[in-house]
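Results of the structural survey
Now for the letters of each chain:
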Amino acid sequence: MFKIPQFPPLHFGSIYCIGRNYAEHIKEMKSTRTETPVVFLKPRCSLVLNNDSILLPEESANVHHEVELVLLIGKTCKNIKAKDALDAIKAIAVGIDVTARDIQSDAKKSGLPWTLAKGFNTFAPVGNFVTFGKEIDLQHIDISVTVNNEIRQQGNTRDMIFPVVEIISYLSGRFTLYPGDLIFTGTPEGVSQIKPGDKIEAQIGNNLSTLSADVKA
Ligand code: MG
């Protein structure tokens, strides 16, 4: 079914994700803090928009939500300095880094990539995009997700280990960022399993960007 594209007709590019960016989430995962951002990618097929469904793959018995602030890049940038990094952001949104935790755990044990755990179809749902302006303080944004109206994650971007400007600077030092690229900036603590029939509602700020998604097998 054809859907009218959201804000404005978008051509999305690469989907970069940052892992281990909140200390309490590192603790709950029994992971270790890193000196530099943990970077991984999701394929384009994982991206869905507000009111789409999250489809649970047969290959996993334990899929988790990770609510995150998502950045939409608005200009080509390479080697951008942190002090100039806000200029690269066109819009922000809430998103969920959906993760097949069992597959990721196996990959970690074997020292293998996370792509399979992170990249299934519909594993990167993103809410409505809000035009970014410098009046928005990206490091003081509330971020939360409910499952069936029960709060599961409630954090604030002030707790990021690597702030947004450092993430953009770090990524742009290694990859050329293009308009339409997305960056998932990491999740606070409280990740938990989602099941068929669940209704997920995520938001950043005071309904600045919201995301609704139902979960299907
Ligand atoms: Mg994540």
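To start, this report covers the structure provided alongside it.

What counts, and at which threshold
- Residues numbered from 1 in each chain as written.
- Predicted model: local features only at pLDDT ≥ 70, side-chain atom pairs only at ≥ 80, totals over all residues.
- Heavy atoms only, no water.
- Buried < 20%, exposed > 50% of the residue type's maximum accessible area, 1.4 Å probe, protein only.
- Helix = DSSP H or I, 4+ residues; strand = E, 2+ residues; numbered from the N terminus.
- Arc of directions from axis to C-beta.
- Contact = heavy atoms within 4.5 Å.
- Core = buried A, V, L, I, M, F, W, Y, C linked by side-chain atoms within 4.5 Å.
- Pairing = 2+ DSSP bridges.
- Axes fitted to C-alpha atoms, helices over the stretch in contact; angles between N-to-C directions.
- 1 Å grid on protein atoms, 1.4 Å probe; cavity = no way out; pocket = protein on both sides within 12 Å on 5 of 7 lines; lining within 4 Å.
- Points joined across faces, edges and corners; volume = space filled by probe spheres on them.
- Nonpolar A, V, L, I, M, F, W, Y, C, P; charged D, E, K, R; others polar.
- Salt bridge = Lys/Arg side-chain N within 4 Å of Asp/Glu carboxyl O.
- Disulfide = S-S within 2.5 Å.

Focus: helix H2 (residues 101-110)
Within H2, burial applies to Arg 101, Ile 103, Gln 104 and Ala 107. One face of H2 carries all of its buried residues, which in axial projection span an arc of 160°. Turning to H2, the residues buried within the fold contact helix H1 (23-28), strand S5 (63-65), strand S8 (99-100) and helix H3 (115-118). Of the residues one or two after H2, Gly 111 is the one with positive phi, at around 70°.

Quick notes on the nonpolar core
Ranked by internal contacts, the top residues of the largest apolar core, which has 49 residues, are Leu 69, Ile 92, Leu 138, Ile 168, Ile 183 and Ile 194. Among the elements of the structure, strand S1 (15-19), strand S6 (67-73), strand S7 (89-96), strand S11 (142-147), helix H4 (164-172), strand S15 (199-204) and strand S16 (209-216) are those that each provide at least two residues to this core. With sequence-adjacent residues up to four places away left out, Leu 138 is seen in contact with Leu 69, Leu 86, Ile 89, Ile 92, Phe 132, Thr 157 and Val 164. In terms of nonpolar packing, the next biggest core, distinct from the first, is built from 17 residues, Val 70, Ala 91, Trp 114 and Ala 124 among them.

Concerning the sheet that holds S15
Strand order in the open sheet made by the five strands is S4-S16-S15-S11-S12, with mixed pairing throughout. The open sheet terminates on both sides in strands that have one partner only, identified here as strand S4 (53-55) and strand S12 (150-156). Across the sheet, the mean angle from the axis of one strand to that of its neighbour is 20°, orientation sign disregarded. The sheet contact formed by S4 and S16 spans three bridges and is parallel. Paired with Leu 55 across the strands is Lys 216, a residue of S16.

Section: empty space enclosed by the protein
A complete count under the given rule lists one cavity of 30 Å³ or more for this structure. For the largest cavity, the calculated volume is near 120 Å³. Together, 17 residues line the largest cavity, and Gly 19, Arg 20, His 25, Glu 66 and Trp 114 are the ones closest to its centre. Elements represented by at least two residues in the lining of the largest cavity include exactly S1 and H2. For the lining of the largest cavity, the element with the highest residue contribution is H2, accounting for three residues. The class makeup of the residues in the lining of the largest cavity is four nonpolar, six polar and seven charged.

Section: the pattern of salt bridges
Pairing between side chains becomes possible if they bear opposite charge and their charged atoms approach one another. Inspection of every chain in the model, using the stated rule, returns nine salt bridges. The salt bridge involving Lys 134 is made with Asp 87; its shortest N-O contact spans 2.6 Å. Here the residue Lys 134 occupies a position in the loop between strand S10 (130-131) and S11, and Asp 87 occupies one in the loop between S6 and S7, the gap between them amounting to 47 residues. When salt bridges with common partners are traced through the structure, they connect Lys 42, Glu 66, Asp 97, Arg 101 and Lys 118 into a single cluster.

Quick look at the state of the cysteines
The tally for this structure, following the rule as stated, stands at zero disulfides. With no disulfide of its own, Cys 45 lies closest to Cys 17 among cysteine sulfurs, the gap being 12 Å.

Quick look at the sheet that holds S8
Pairing is antiparallel in the open sheet, where three strands are placed in the order S8-S5-S14. Either end of the sheet is taken by a strand with one partner, and the two such strands are S8 and strand S14 (192-193). Relative to S14, S5 runs antiparallel, the two sharing two bridges. Pairing of His 64 across the sheet is with Gln 193, part of S14.

Looking at the environment of Val 165
Checked against the element boundaries, Val 165 lands in helix H4. Val 165 sits 85 residues away from Ile 80 along the chain, and the two C-alpha atoms are 9.4 Å apart.

In short, shape yes, function no, at least from these values alone.
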